[in-house]
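Here is what each chain is made of, one letter per residue.
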Amino acid sequence: MTKIERRGGIPAEIRADESGIKVSGYAAVFGQIADIGGYFREVIERGAFKAAIGRDDVVFLINHEGLPLARTRSGTLKLTEDAHGLYMETELDPVDPDVMSIVGKMKRGDLDKMSFAFMPTVQEWDESGDTPLRTIREASLFDVSIVTTPAYSGTDIGLRSLTEWRDANRNEFTNPAATSAHRATAKRRSMQLDLKVRTGT
């Protein structure tokens with residue numbers, strides 16, 4: 001079973017003209033630490049989607065469900081990475097019945113937030129603080145969606161990832177010398193990450 005997680009909450013920009021309905025915005029941002037249900041914190045590292053762009057066939061959906069309104073494979077959905085995050089843009093077909101059913105809701109702001117579905121492929125956990133910090137270094141992409149209520153779904157998957165990481169590093173925690181070295185390394189990485197977040201580098 002694919003371990004898909006979802007994150008979101010960033011406002012989308014929606015514009016309508018003669019040619020169609022244009023939707024754009026950041027589906028994800030880099031370097032910002034998010035609280036995931038109080039269970040752990042999470043930050044997406046710059047470049048996390050570099051491999052996914054151009055490789056993964058990503059679809060544009062409503063609330064992560066239904067038929068695609070656009071997709072990268074057909075060229076109707078464009079994804080790019082910049083220093084700020086993962087940026088998406090698409091121009092929806094104004095005569096598509098699925099688009100016509102939601103355009104009014106988008107204009108009113110009933111559907112106005114971005115979300116994305118992903119699976120971490122390279123991640124790291126830091127438990128030197130009060131709450132575990134997960135750094136996503138690389139991820140596969142499945143969809144970007146415009147949603148009514150963004151949610152941090154997949155918390156249970158993240159917690160399972162933390163358990164797997166703890167199991168894989170159990171020897172480090174049972175050896176006092178290794179534990180001390182591990183915590184020192186984790187603290188150093190946490191300080192470096194905090195510096196990156198503050199400076200935006």
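Residues numbered from 1 in each chain as written. Predicted model: local features only at pLDDT ≥ 70, side-chain atom pairs only at ≥ 80, totals over all residues. Heavy atoms only, no water.

1. Description of the side chain of T155
Here is the rule: Here a strand is any run of E in DSSP of at least two residues, a helix any run of H or I of at least four, and the numbering for each starts at the N terminus. Only heavy atoms matter for contacts: two residues are in contact if any of them lie within 4.5 Å across the pair.
Among the secondary structure elements, T155 is positioned in helix 2 (residues 155–168). Setting aside its immediate chain neighbours within four residues, T155 contacts I36, Y39 and F40.

2. Remarks on unusual backbone geometry
The general pattern is negative phi for most residues beyond glycine and trans for most peptide bonds. If you check the backbone angles, N63 has positive phi at about 55 degrees while not being a glycine. Examined against the element boundaries, N63 turns out to sit in the loop between strand 6 (59–62) and strand 7 (65–71). In this structure, H64 is a non-glycine residue whose phi angle is positive, near 65 degrees. As for its position among the elements, H64 is in the loop between strand 6 and strand 7.

3. A closer look at helix 1 (residues 97–108)
The condition is simple: The buried label applies to any residue whose accessible area, calculated with a 1.4 Å probe on protein chains only, is under 20% of its type's maximum; exposed applies above 50%, and partly exposed to all values in between. Note that the arc is defined by the directions from the helix axis to the C-beta atoms.
All of the buried residues in helix 1 are V99, I102, V103 and M106. Here the buried residues of helix 1 occupy an arc of 140 degrees about the axis, which is enough to place them on one side. Among the exposed residues of helix 1, those oriented more than 90 degrees off its buried face are P97, M100 and R108. Looking one or two places after helix 1, you find G109, whose phi comes out positive at around 95 degrees.

4. Description of the pattern of salt bridges
Definition in use: For salt bridges, the criterion is a side-chain nitrogen of Lys or Arg within 4 Å of an Asp or Glu carboxyl oxygen.
Tallied over the full model, the rule gives 16 salt bridges. One salt bridge connects E42 with R7, and the closest N-O pair in it is separated by 2.7 Å. On the criterion of sequence distance, the pair formed by E42 in strand 5 (residues 40–44) and R7 in strand 1 (residues 5–11) is long-range, its members being 35 residues apart. Comparing E42 with R7, the two get one shared label, buried.

5. Points about the environment of W125
Within the secondary structure layout, W125 lies in strand 10 (residues 113–126). Once the C-alpha coordinates of W125 and I136 are considered, the two residues, 11 residues apart in sequence, prove to be 9.0 Å apart. Those residues in contact with W125 that lie beyond four places of it in its chain are F40, P132, L133, R134, G158, S161, L162 and W165.

6. Quick look at the sheet that holds strand 8 (residues 77–81)
Spelled out, the test is: Between any two strands, pairing holds if DSSP finds at least two bridges. Helix axes are fitted to C-alpha atoms over the stretch in contact, other axes to C-alpha atoms as well, and angles between N-to-C directions run from 0 to 180 degrees.
Ordered in space as 2-3-9-8, the four strands form an open sheet in which the pairing is antiparallel. Edge positions in the open sheet fall to strand 2 (13–16) and strand 8, since each of these has one partner strand only. Averaged over neighbouring strand pairs, the angle between their axes works out to 15 degrees when direction is ignored. The sheet contact formed by strand 8 and strand 9 (residues 85–92) spans five bridges and is antiparallel.

7. Side note on the environment of R134
Operational definition: Any N or O atom pair separated by 3.5 Å or less is treated as a polar contact, with the protein-specific requirement of one donor-capable and one acceptor-capable atom, and with residues adjacent in sequence counted only for side-chain atom pairs.
Structurally, R134 is set in strand 11 (residues 133–147). Considering only alpha carbons, one finds R134 and I44, 90 residues apart in sequence, at a separation of 8.5 Å. With residues up to four places along the chain from it excluded, the contact list for R134 reads E5, R7, F40, R41, E42, V43, P120, Q123, E124, W125, G158 and S161. Engagement of the side chain of R134 in a polar contact is seen with the side chain of E42, the distance being 2.8 Å.

8. Quick look at the pairing of strand 6
Taken together, the three bridges between strand 6 and strand 7 define a ladder with antiparallel strand orientation. Note on strand 7: the bridge partner recorded for I62 is E65. Between strand 6 and strand 7, which pair antiparallel one after the other, the connecting turn spans two residues, and N63 there sits at a positive phi close to 55 degrees. One ladder, built from four bridges, connects strand 6 with strand 11; its direction is parallel. Bridge pairing in strand 11 places L61 opposite S145.

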